[in-house]
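As a plain string of letters, each chain reads:
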Amino acid sequence: MKQMIWAEILENRPLTGDIFSMVLSVGPMAKEAKAGQFVNVYTGEGAHLLPRPISICEIDEEKETLRLVYQVVGKGTERFSQMTEGQEVQVLGPLGNGFFLPEGEGRHILVGGGIGVPPMVELAKRLQGQVDVYVGARSNPVLLDRLEEVGATVHVATDDGSVGFHGNVVQLMEHDGAKGDDLFACGPKIMLRFVTEWALKNNIRPQVSMEERMACGIGACVGCVVKIQKQGEQDWQHLKVCKDGPVFYGDEVIWE
Amino acid sequence: MRQVNLSVNIAGVTWKNPVTTASGTFGSGKEFGEFVDLNKLGAVTVKGVAAEPWKGNNAPRIAETYGGMLNSVGLQNPGADYFMEEDIPFLRQFDTKIVVNLCGHTVEEYCAVAEKLSEADVDLFELNISCPNVSAGGITFGTDPKMAERVVKEVKKVAKKPLIVKLTPNVTDITEIARAAASGGADGLSLINTLLGMRIDIKKRKPVLANKVGGFSGPAIKPVAVRMVYQVAKAVDLPIIGMGGISTWEDAIEFIMAGATGVAVGTANFANPFATVEVAEGIERFMEENNIMDLSEIRGIID
Ligand SMILES: Cc1cc2nc3c(=O)[nH]c(=O)nc-3n(C[C@H](O)[C@H](O)[C@H](O)COP(=O)(O)OP(=O)(O)OC[C@H]3O[C@@H](n4cnc5c(N)ncnc54)[C@H](O)[C@@H]3O)c2cc1C
Ligand SMILES: Cc1cc2nc3c(=O)[nH]c(=O)nc-3n(C[C@H](O)[C@H](O)[C@H](O)COP(=O)(O)O)c2cc1C
Ligand code: FES
């Protein structure tokens, strides 16, 4: 069940210059949440009335907390960055479908680009077997240590070559000869498109987490659509990222 | 203390209270039904329905603006058959009236959806001749008094439900269109639909919306909406459902004082999923505290 709550901020600190980690005390919402889902965070300001969708980075069922990792890009996220521990923020969640988890052991490829890396942490925790995370960033990637802590093998590509492989993440996967039974990706659309092409070439069905501008976040306003053509169907349809997604099969997305 | 009477009569249909939802902001009630008790609303106005499914516009369809937002959904909807099979049975579980928002590109399409839904278990029709997000139909009917009168007249011939006509604010004189709708046979009016707006991404040097322009809604448009409800209430003798930026009960009372019988909560649902019920409860409290037994005591009291 989705819930709208006031969540206490337990932590809100910068990881790098403009990327912050926020830990929220969310009560029973933590048990409901799955990897790949997101929450709506409200700015509390009438001027900025739409909620900001932020992916769930980590779930702690015992402590009943969620961790969000967000980049300051505008008015809403700037406001979040100024909030302090002990303050409360309004949160609606968990929202969206989340990743479809395979059963049993396996070999998994996770791909995170830029601010698409955070949801890979909870996903890595929930997958069994070998987890390879391919991280792509312009420079200075975050959460690498945390990914290793949760047992993943981390491979890094940066556009400027400052850390790891010099190039993009798909070039790195190609270079490393990445292998897996399944693949999960989150990041910029252009990256998701190339990751999908790579996966299909390697006979893997990719799951991609998409982003779109949202208003309600719960499937009511039909604002957040992507074009999806389901396997076996004649025509594409506009599906809602907030409700039918954010996770879709990459081969069903019409990339444009 | 005597019980205050919140009920209102809109085109012959009694709502238990004046609060409904603005079409397109509340889906068909299922999603928000997880947060609010739909039994507490006078009516649920569902998203626009056409005779056949519509795919709507390309994304991005949403942009925030200061105190408001733009949308260019373009009336994406799964069509009248789906609506009848899925949404009506769901809504009928609740003690609330159903207002169905009708859309089309041509007079024939408007008539087709009105005819189809005349057989359905709904209470009121709201004819959307005011959507700024479709290239053909929609708003072109809402900005030309002759066309407005004609489409209302034709739909009236086939509609077996009371017909509310939804007006666009994107005109020089809204009372002219209101009168045209009235002479076409409208049983009520609802206003305002969204104002045509635009935002430009200065880094990309491109419009933010894929459709370039979109409908402007939310708290920022409220003064325009109150003014138009006030003008229309003075000009025609039809019940009005007022909307445009309502997010609190105080806003709703403003619309009622301007002349509205019903009030609809739209964009505010996105900022606060409980907005509809909070508005309804606030109106009741206001009446109790001010010893108002019936909303007719304050409706249209502004000279
Ligand atoms: C499902 C989903 C998950 C996301 N997860 C994360 C995450 O884990 N970490 C993170 O940093 N960001 C994430 N984002 C992007 C994040 O929502 C935006 O960066 C944020 O809304 C920007 O708000 P702002 O007020 O700072 O920016 P502004 O530009 O001032 O925002 C104006 C409006 O545009 C919307 N908007 C702006 N950028 C985006 C965007 N990229 N995607 C969707 N809406 C946008 C805002 O929500 C707001 O309505 C996610 C987006 C989606 C759709
Ligand atoms: C996302 C969105 C979708 C809408 N869809 C419709 C629609 O299908 N039919 C219609 O008549 N009006 C539609 N509207 C207009 C609203 O019903 C309402 O008239 C307008 O938004 C002003 O009210 P508000 O400021 O309270 O939102 C839509 C508005 C929004 C924001
Ligand atoms: S944000 Fe409203 S339907 Fe997705």
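In what follows, the structure referred to is the one given above.
Residues numbered from 1 in each chain as written. Chains lettered and ligands numbered in written order. Predicted model: local features only at pLDDT ≥ 70, side-chain atom pairs only at ≥ 80, totals over all residues. Heavy atoms only, no water.

**Notes on the sheet that holds strand β6 (residues 68-71) of chain B**
All names here are of chain B. Judged by pairing direction, the sheet is antiparallel, and its four strands sit side by side in the order β5-β6-β14-β11 without closing on themselves. In this open sheet, the two edge strands, each paired with only one partner strand, are β5 (62-65) and β11 (195-198). Ignoring strand direction, the axes of neighbouring strands in this sheet form an average angle of 40 degrees. As paired elements, β5 and β6 share four bridges and run antiparallel to each other. Pairing of isoleucine 62 across the sheet is with asparagine 71, part of β6. (Pairing = 2+ DSSP bridges. Helix = DSSP H or I, 4+ residues; strand = E, 2+ residues; numbered from the N terminus. Axes fitted to C-alpha atoms, helices over the stretch in contact; angles between N-to-C directions.)

**Observations concerning the site of ligand 2**
Residues and elements named next belong to chain B. Among the 21 residues in the neighbourhood of ligand 2, the closest are listed as Ser23, Lys166, Gly218, Gly245 and Thr267. Note that an oxygen atom of ligand 2 is positioned 2.7 Å from one of the backbone N or O atoms of serine 23. A distance of 3.2 Å separates an oxygen atom of ligand 2 from a polar backbone atom of glycine 266. (Near = heavy atom within 4 Å. Polar contact = N/O pair within 3.5 Å; in protein donor to acceptor, adjacent residues only side chain to side chain.)

**Details of the interface of chain A and chain B**
Contacts between chain A and chain B engage 31 residues on the former and 30 residues on the latter. Summed over both partners, the interface of chain A with chain B buries about 2600 Å², with 61% contributed by carbon and sulfur atoms. At the boundary of chain A and chain B, one finds four salt bridges. Among the salt bridges present, the one from A:Asp235 reaches B:Lys55, with a minimum N-O distance of 2.8 Å. At the boundary of chain A and chain B, one finds 15 residue pairs in polar contact (both at pLDDT 80 or more). Looking at the side of chain A that touches chain B, the elements that each hand over two or more residues are β1 (3-14), β14 (225-228) and β15 (237-240) of chain A. The residue makeup of the side of chain A that touches chain B, split by class, is 17 nonpolar, six polar and eight charged. (Contact = heavy atoms within 4.5 Å. Buried area = accessible area lost by both parts, 1.4 Å probe. Salt bridge = Lys/Arg side-chain N within 4 Å of Asp/Glu carboxyl O. Nonpolar A, V, L, I, M, F, W, Y, C, P; charged D, E, K, R; others polar.)

**Some thoughts on the site of ligand 1**
All names here are of chain A. Taken together, 21 residues sit near ligand 1, with Arg52, Pro53, Gln71, Gly76 and Thr77 positioned nearest. One of the backbone nitrogen or oxygen atoms of glycine 76 is found 2.6 Å away from an oxygen atom of ligand 1. In the complex, the protein chains occlude 88% of the 830 Å² of accessible area that ligand 1 would expose alone. Where the shell around ligand 1 is concerned, the elements lending two or more residues are β4 (52-55), β6 (65-71) and α2 (75-82). Top element by residues in the shell around ligand 1 is β4. It accounts for four residues. Residue-level mapping places the shell around ligand 1 at the junction of two domains, with at least three residues from each of domain 1 (3-95) and domain 3 (210-256). (Areas by Shrake-Rupley, 256 points an atom, 1.4 Å probe, with all protein chains shown as cover. Domains from an automatic or database assignment.)

**Overview of the environment of A:Gly180**
All names here are of chain A. By the secondary structure assignment, glycine 180 is in the loop between α5 (169-176) and β12 (182-186). Separated by 49 residues in sequence, glycine 180 and valine 131 place their C-alpha atoms 8.7 Å apart. Beyond its immediate sequence surroundings of up to four residues, glycine 180 is in contact with Arg107, Ile109 and Ile204.

**Quick word on the pairing of strand β16 (residues 262-265) of chain B**
Regular strands show a simple pattern: their side chains alternate between the two faces of the sheet. Residues and elements named next belong to chain B. With burial as the criterion, each face of β16 is covered, one bearing Gly262 and Ala264 and the other bearing Val263 and Val265. Direction of pairing for strand β3 (residues 19-21) relative to β16: parallel, over a ladder of three bridges. Among the inter-strand pairings, valine 19 is bridged to a residue of β16, identified as valine 263. Relative to β16, strand β15 (residues 240-243) runs parallel, the two sharing three bridges. Residue pairing across strands places isoleucine 241 opposite glycine 262, the latter belonging to β16. Between the parallel pair β15 and β16, the chain is carried across by helix α7 (residues 249-258), and the sense of this crossover is right-handed. (Buried < 20%, exposed > 50% of the residue type's maximum accessible area, 1.4 Å probe, protein only. Right-handed = clockwise from strand over helix to strand, strands pointing away.)

**Considering the pairing of strand β9 (residues 128-137) of chain A**
Residue and element names in this part refer to chain A. Buried residues dominate β9, accounting for seven of its ten residues. For the handedness criterion, the β-α-β arrangement of strand β8 (residues 105-113), helix α3 (residues 119-126) and β9 is classed as right-handed. With six bridges joining them, β9 and strand β10 (residues 153-158) adopt parallel strand pairing. Paired with valine 133 across the two strands is valine 154, which belongs to β10. Handedness of the crossover joining β9 and β10 through helix α4 (residues 144-149): right-handed.

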